[in-house]
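This is what each chain is made of:
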Amino acid sequence: MQHKTPIAILISGRGSNMRALIESCARPDYPARIALVLSNNPDAPGLDVARAAGLTAQAIDHRPYKKDRAAHERALDAALRAAGVDYVCLAGYMRLLTPFLTTAWRGRMLNIHPSLLPAFPGLHTHERALEAGSRIHGCTVHWVTEGMDEGPIIGQAAVPVLADDTPDMLGARVLRQEHRLYPAALHRVLAPDAAPAAATSDCLLSV
Ligand code: GRF
């Protein structure tokens, strides 16, 4: 039986990357298990997805904390520690983190971002890739550090930008690869000697 490292997933919305991680963690040979799903948004649809999969899913609403972001993060941190998790995967978690949480989980917190970093950190990445005339776009899994979308890269998946792409079309093409990349990158972190994930005809993936 493969040793499974306990992880948490932090979400704010629909949680499709979380779902990809849930599916991977369900495999006996995958080196992680999900001990907790946490959201800052009590209405995040992903919370129901997680509960339907039999996972513990908890919301810690940021709104009562007003501008005291560190206090909200202390509550998140307490929940993560109570659940005994070793790694944290941000998956569409839409709050900027303060140095409190990034320092507390340094080297143990990953994020997925919908661009080939260091290009297009921040929001609206697909629109910006089209405006810039990028011919190749993609997604990145990276370590979380204090600077937004700046930490060392763990893996990337690249897709072509096609002539008639809209931001939605391009975003959907990238999202399909996010769902391959995140489980592969986490696998690489937890089991570095395992074989790398394979590229496919529609994407170049490197972890
Ligand atoms: C993804 O595009 C992810 O890269 C970004 O936010 C989006 C979250 O989507 N950080 P989902 O909630 O995982 O479906």
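Residues numbered from 1 in each chain as written. Predicted model: local features only at pLDDT ≥ 70, side-chain atom pairs only at ≥ 80, totals over all residues. Heavy atoms only, no water.

Enquirer: Please clarify how the UniProt feature "binding site: (6R)-10-formyltetrahydrofolate" (unreviewed entry) in the chain should be interpreted in this entry.
Expert: As annotated by UniProt and renumbered to match this structure, "binding site: (6R)-10-formyltetrahydrofolate" (unreviewed entry) occupies R69, M94, R95, L96, L97 and N111. Residues from the named set that contribute to the lining of the largest cavity are R69, R95, L96 and L97. Within the secondary structure layout, M94 lies in the loop between β4 (87–90) and α4 (99–104). Other than its neighbours up to four places away in sequence, M94 contacts S12 and L123. Considering the arrangement of structural elements, one finds R95 in the loop between β4 and α4. Contacts of R95, omitting those with residues within four sequence positions, involve N40, H62 and R69. Within the local environment of R95, its side chain forms a polar contact with the side chain of H62, the two groups lying 3.5 Å apart. (UniProt positions renumbered as here; feature names shortened; annotations may be inferred. 1 Å grid on protein atoms, 1.4 Å probe; cavity = no way out; pocket = protein on both sides within 12 Å on 5 of 7 lines; lining within 4 Å. Helix = DSSP H or I, 4+ residues; strand = E, 2+ residues; numbered from the N terminus. Contact = heavy atoms within 4.5 Å. Polar contact = N/O pair within 3.5 Å; in protein donor to acceptor, adjacent residues only side chain to side chain.)

Enquirer: What's the story with the site of the ligand in this structure? I'm lost.
Expert: In the vicinity of the ligand, the contacting residues are R14, G15, S16, N17, G92, I112, H113, P114 and E178. Between the ligand and I112, the relevant distance is 3.1 Å, taken from a nitrogen atom to a main-chain nitrogen or oxygen of the residue. In the complex, 86% of the free accessible area of the ligand, which totals 360 Å², lies under the protein chains. Cavity membership is defined here by more than half of the atoms lying within 2 Å of grid points; on that basis the ligand lies in the largest pocket. Elements supplying a minimum of two residues to the shell around the ligand: α1 (16–25) and β5 (109–113). Looking at side-chain class alone, the shell around the ligand contains two nonpolar, five polar and two charged residues. (Near = heavy atom within 4 Å. Areas by Shrake-Rupley, 256 points an atom, 1.4 Å probe, with all protein chains shown as cover. Sits in = over half its atoms within 2 Å of the grid points. Nonpolar A, V, L, I, M, F, W, Y, C, P; charged D, E, K, R; others polar.)

Enquirer: Help me understand the pairing of strand β6 (residues 136–143) in this model?
Expert: Here is the key point about a regular strand: its side chains alternate between the two faces of the sheet. The buried fraction of β6 amounts to six of the eight residues, a majority that puts the element mostly inside the structure. As paired strands, β5 and β6 are joined by four bridges and run antiparallel to one another. Considered in β6, the bridge of N111 is made with H142. Relative to strand β7 (residues 153–160), β6 runs antiparallel, the two being bridged by seven bridges. (Buried < 20%, exposed > 50% of the residue type's maximum accessible area, 1.4 Å probe, protein only. Pairing = 2+ DSSP bridges.)

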